[in-house]
Every structure is written in structure tokens, then in C-alpha cells.
Amino acid sequence: MDTDEQLQLTPEHLAVRTLGELTFPSPLDGGLLERGESMHYVGEHDRVLVDGTLGVASRRGVPVEELPTFEPGGPRRKLYFDPKKTKVGIVTCGGLCPGLNNVIRGLVGELAEHYGVHSVLGFRDGYLGLTPLGAEPVELTPESVRWINQQGGTVLGTSRGGQDPKVMVETLRLRQIDVLFVIGGDGSLRGAQAIADESLRQGLPIAVVGVPKTIDNDIPWIDRSFGFQTAFGRAAESIRSAATEARSHRGGVGLVKLMGRHSGFIAAYATLASDDVDLVLIPEVPMPLDGERGVLAHVERTLDRQGHALIVVAEGYGQDMFAGTEGGADPSGNAKLFDIGKKLRDELGSHLTAAGTDFQLRYVDPGYAIRSVPANSHDSVYCTRLAQAAVHAAMAGRTATVAGRWHGRFVNLPIPLVTRTRNQVDPRGDLWLSVLEATGQPVHV
Ligand SMILES: Nc1ncnc2c1ncn2[C@@H]1O[C@H](COP(=O)(O)OP(=O)(O)OP(=O)(O)O)[C@@H](O)[C@H]1O
Ligand SMILES: O=P(O)(O)OC[C@H]1O[C@](O)(CO)[C@@H](O)[C@@H]1O
Ligand SMILES: [Mg+2]
């Protein structure tokens, strides 16, 4: 996170919208509400500090109680909704991500088993399912979702493409939905905000709570998004395969293309997990193809030196090379990317041939394989805990809010905060420094 951006935060950016007074006692029992505050647990009256270092906090020049803070996540003693009468909807939108089914399962389990909420509808195929054109929603019960965490994808289906917030709110009104959980990325969360705003405009007390989803890890103010670790772990397997190919052939060159539209976190982490990579190219660091410190010269030198070379490229790198060509947009309005992997493959091939280098290039594009797999154990735990935090927030009437984790603690974040900027690899930050140390590639910022 950029320090200047952090320093510009005001209390308004951090305020969580609440539907009204909390009047119903929470049914959580068995000591679930009785924990004292500890190093690991922030009580409901405490706040989570935004700043992680004394340096940033002291640059603000304000008393401690005026430092910017997040609302802690977790169960409240009093609820806004009466659990016995609460009706819930769940929708998954945008691209796939490992752990979507774990979150659905976690939401249903927490609602039913701890709060006693038994009416949970799964809307089908993303926001389309919140319109009359969508398929009939499906009842979700702890039994029906028991094993879904073992599968990748989403049992509810997903989609891209805009829907009218008025139409979606009308669906929620007709179905008497009190709480809508949106599991989705930046676009889905903007949609969730639109639904929350339209409900407010109509005077409908509907809580809209997001669980942020992105394999690209591009949502800000969250330590790490769920599914990211699984996705980069799967990506690292592809890198290892390409490394084996490259090392096993005279003049072997492995080129691996990975997802990462605007943020190169998958490429950076998968590289560090593999420890074999000679060059990583990400959208945030514009390294030219040509010149002494460019991509082509670096690969040629690496081949000369060690007899093989391995390159990882995030799909969003080098899109400026296609300037002047019309790429179009997907149904959600996201720009369709040009295929930088194939372009690099061709450029490398021509360059090494012209240089008279003996080489064998293997191009690996694991594509959707990194995001369609089931969540690993780490992400499974994280999904369950995020789902629990989202349910606590919703039952306490929080709306236009997402459940996140900041500096290891669960927090409730206003949606506008997490959609106004994008999390990206900082070319001057310690993650990119680690990558540069691991690859030995020329430094560009
Ligand atoms: N500004 C917006 N307002 C309302 N709805 C939006 C907005 N942006 C996107 N949406 C809707 O949210 C849904 C998902 O958006 P999108 O396809 O961009 O995926 P995403 O949630 O950003 O996930 P990811 O990019 O990680 O795959 C789509 O139905 C899209 O129409
Ligand atoms: O092909 P689809 O399903 O639109 O999704 C591709 C995009 O989704 C993401 O996985 C997440 O935004 C991007 O990295 C990728 O560009
Ligand atoms: Mg998106």
C-alpha cells in the first residue's frame, strides 16, 4: 500500500454504514461472546489501527485517539436482524477463484448453526440471477453445501455483465431478502455498493455485505485475498515444469504466461515459490524489449551464461506494445488484453535466431488452471473465517461493507474504500526487491 495514499485517509473513508440500532440479543452462546481482548482478538469497542509502523503514525502529527482506524470484525452482542426471521441471499460474480465454494459453505454454516438463520437462497449465475432473466435461486442448507468445498469453481455459477440495480433490488424485495452476500472482485463490489445505495434510496433495510474475491490480489486494504495462495501455488507448478523443460534441452528457454490483469502479484509470488526464474515481467514495471537492459538482451546473456533461461510474464505486462490496436472489452467493461505471451514468444524467437543462438523455446500458459482448482488448506481456513466475519457484520446491520483482514485482524471495510484504488506491486517495495534479488534481472522502476 502506497504510504501517501494511506496518509490521505480520513474518518469518512473508514466509516462503515449501519442500517440502524442493534436491538436483538445475539443467540451466539457457548462462550463465543465471552472472550477478553488479547493480542490476537480485538473487542467490539476497540479499533484496528490502519498504520503498521510508528514512522507513518507519527507523520500524521495527531493524538493516538485520532489515528485512522478500522472497525474490528467479529460477533456483536446485539444484532440488527432477528435471526429467526432473517432471509439471506448469496451471489458469486466475476471470474473464478479458488475458495468460492468454501465461502458459500462458511456463510451457510455460520448462519444456520450459530445464528439459527435457516432461509438462505443461492442466486444463480452472478448478478443475472438477481433479475427476472435469471434461473430460479436454489435453497442452501448445511447439508446441501457440506462437500462443496472439495470442488473448485462455484456451485452457484457466475457471470460478467451489468445489471440494473433497481431490477436487482426489486428481486430482493419480492424475495423478502434482508441480507445479501456478494462474493466477488472490484466490479462485483461496485455492483454491491449500487445495490446497497438503491436499497437505501428506497428505504429498504437490506444489508449488502461483500466477501472480496480476486486471484490477482488486487483489492486494497486487505492483507491478501482468499484463493490467491492456491492460485500462485498452482502457477508455481507450471513454472517448475517449464524450468525442467528448459534445463533439459540445450539452449532451453521456458516462457510462462500467468494471469494478472493490472497487478503482478501472482507472477511475483509464483516466481519466489519456484526459485528458478531469470526474469519476471509485470504490469507495474515497464521493462522494454530492446536495449542493453531490455528483455531480449537479458535472455540472450542468461542463455550464454548458463545454457538455459526461464521467463515469467503476467498477462498485463507490455500492453502498450499493442497501442493503436482495438482490443475491445468484456461484458463487464473490462478491457480485453492482448496476448503478450505469444508476442514475447515470437519476439524472443526472432531475436535469438537473428543472434545465431542455438535455442529451444517452450511456451507454457496454464491459463484458467490456476484459478479453477479447489482451495488449499491455508485458503480453506481463510475462507471459512472470512465467511464467519461477513455473517457477524451482516447480522449487526453493517451494509455496503466487506469483510477483510488487515495486519492479521478481521475488519469491516467500507466498499468505496476498497474499490477506489487498486492493490499493485510497488516497484520500490520489499516484495519486488525480493523478486529482483531472486532473479538477478536488470532493475527498472
Ligand atoms: N461500476 C459497477 N457498477 C455496478 N456493477 C458493476 C460495476 N462494475 C462491474 N459490475 C458488475 O459486477 C459483476 C462482476 O464484475 P467483473 O466482471 O468486473 O468482475 P469482478 O467482480 O471485478 O471480478 P474479477 O475481476 O476478479 O474477475 C458484473 O456483473 C458487472 O457487470
Ligand atoms: O477470461 P475471464 O473469465 O474473463 O477472466 C480473465 C481475468 O480474470 C482474472 O483472473 C481476474 O480478474 C484476470 O487475471 C484475468 O484477466
Ligand atoms: Mg475485476
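Above: the structure in question.
Reference entry: report on the structure contained in this document. (Residues numbered from 1 in each chain as written. Chains lettered and ligands numbered in written order. Predicted model: local features only at pLDDT ≥ 70, side-chain atom pairs only at ≥ 80, totals over all residues. Heavy atoms only, no water.)

1. Comments concerning the layout of surface pockets
- Taken as a whole, the largest pocket encloses approximately 1100 Å³ of empty space.
- Lining the largest pocket are 46 residues, with G95, R160, R261, D330 and N334 positioned closest to its centre.
- Elements represented by at least two residues in the lining of the largest pocket include exactly helix 5 (165–174), helix 6 (186–201) and strand 11 (252–258).
- It is helix 6 that provides the largest number of residues to the lining of the largest pocket, a total of six residues.
- Class assignment of the residues belonging to the lining of the largest pocket gives a composition of 15 nonpolar, 16 polar and 15 charged. (1 Å grid on protein atoms, 1.4 Å probe; cavity = no way out; pocket = protein on both sides within 12 Å on 5 of 7 lines; lining within 4 Å. Points joined across faces, edges and corners; volume = space filled by probe spheres on them. Helix = DSSP H or I, 4+ residues; strand = E, 2+ residues; numbered from the N terminus. Nonpolar A, V, L, I, M, F, W, Y, C, P; charged D, E, K, R; others polar.)

2. Here's the deal with the side chain of N101
- For N101, the position within the fold is in helix 4 (residues 100–115).
- A distance of 3.3 Å separates a polar atom in the side chain of N101 from the backbone oxygen of G152. (Polar contact = N/O pair within 3.5 Å; in protein donor to acceptor, adjacent residues only side chain to side chain.)

3. Quick look at the sheet that holds strand 13 (residues 308–314)
- One open sheet accounts for four strands, arranged 12-13-11-14; its pairing is parallel. Both edges of this open sheet fall to strand 12 (279–281) and strand 14 (360–364), since each of them pairs with a single strand only. Ignoring strand direction, the axes of neighbouring strands in this sheet form an average angle of 15°.
- The strands that helix 9 (residues 295–306) touches are strand 11, strand 12 and strand 13; relative to strand 13, the one it contacts most, it runs at about 150°. (Pairing = 2+ DSSP bridges. Axes fitted to C-alpha atoms, helices over the stretch in contact; angles between N-to-C directions. Contact = heavy atoms within 4.5 Å.)

4. Some words on the site of ligand 2
- Every residue near ligand 2 is listed here: R160, I215, D216, M259, G260, R261, E315, Y368 and R371.
- Note that an oxygen atom of ligand 2 is positioned 3.0 Å from one of the side-chain N or O atoms of R160.
- Surface burial for ligand 2 is 77%, taken as the share of its 400 Å² of free accessible area covered by protein chains.
- Taking a 2 Å distance to the grid points as the criterion, the majority of the atoms of ligand 2 fall inside the largest pocket. (Near = heavy atom within 4 Å. Areas by Shrake-Rupley, 256 points an atom, 1.4 Å probe, with all protein chains shown as cover. Sits in = over half its atoms within 2 Å of the grid points.)

5. Let's talk about helix 8 (residues 265–274)
- Extensive coverage of helix 8 is indicated by the burial of seven of its ten residues.
- Of the positions making up helix 8, those classed as buried are F265, I266, A267, A268, A270, T271 and S274.
- Contacts made by the buried residues of helix 8 are with helix 7 (228–248), strand 11, strand 12, strand 13 and helix 13 (430–439).
- Note on helix 8: the residue one or two positions beyond its end, D275, has a positive phi of about 65°. (Buried < 20%, exposed > 50% of the residue type's maximum accessible area, 1.4 Å probe, protein only.)

6. Focus: the sheet that holds strand 3 (residues 48–49)
- Strand order in this open sheet of nine strands is 3-4-17-16-10-9-6-7-8, and the pairing throughout is mixed. With one partner strand each, in any of the chains shown, strand 3 and strand 8 (138–139) form the two edges of the open sheet.
- The sheet contact formed by strand 4 (residues 69–72) and strand 17 (residues 409–414) spans two bridges and is antiparallel. Across the sheet, the residue bridging to P72 is V411, located in strand 17.
- Those strands touched by helix 11 (residues 377–395) are strand 9 (179–184), strand 10 (207–212), strand 16 (401–406) and strand 17, and its axis lies near 135° from that of strand 16.

7. A closer look at the site of ligand 1
- Lining the immediate surroundings of ligand 1 are 15 residues, of which G95, G161, D186, S188 and S332 lie closest.
- At a separation of 3.0 Å, an oxygen atom of ligand 1 approaches a polar side-chain atom of K213.
- Contact between ligand 1 and N334: an oxygen atom at 3.0 Å from a side-chain N or O atom of the residue.
- If you map ligand 1 onto the pockets, it falls in the largest pocket.
- Looking at the shell around ligand 1 residue by residue, the class counts come to one nonpolar, ten polar and four charged.

8. What to know about a negative patch on the surface
- Together, D2, D4, D426 and D430 make up a negatively charged patch on the protein surface.
- Mapped onto the fold, D430 is located in helix 13. (Patch = residues over 30% accessible without salt bridge, like charges linked within 9 Å, V, L, I, M, F, W, Y side chains within 5 Å. Salt bridge = Lys/Arg side-chain N within 4 Å of Asp/Glu carboxyl O. Lys, Arg positive; Asp, Glu negative; His and termini not counted. Charge placed at Lys NZ, Arg CZ, Asp CG, Glu CD.)

9. With respect to unusual backbone geometry
- Even without being a glycine, W221 presents a positive backbone phi close to 65°.
- Note on placement: W221 falls in the loop between strand 10 and helix 7.
- The backbone phi angle of A400 is positive, close to 50°, even though this residue is not glycine.
- Inspection of the secondary structure puts A400 in the loop between strand 15 (398–399) and strand 16.
- For A400, a relative accessible area of 5% corresponds to the buried category.

10. Notes on the side chain of D51
- For D51, the location among the structural elements is in the loop between strand 3 and helix 3 (54–59).
- For D51, the side chain forms a polar contact with the side chain of Q6, separated by 2.9 Å.
- At 2.6 Å, the side chain of D51 and the side chain of R60 are in polar contact.
- Filtering out sequence-adjacent residues up to four positions away, D51 remains in contact with Q6, V56, A57, R60, L67, P68 and H407.

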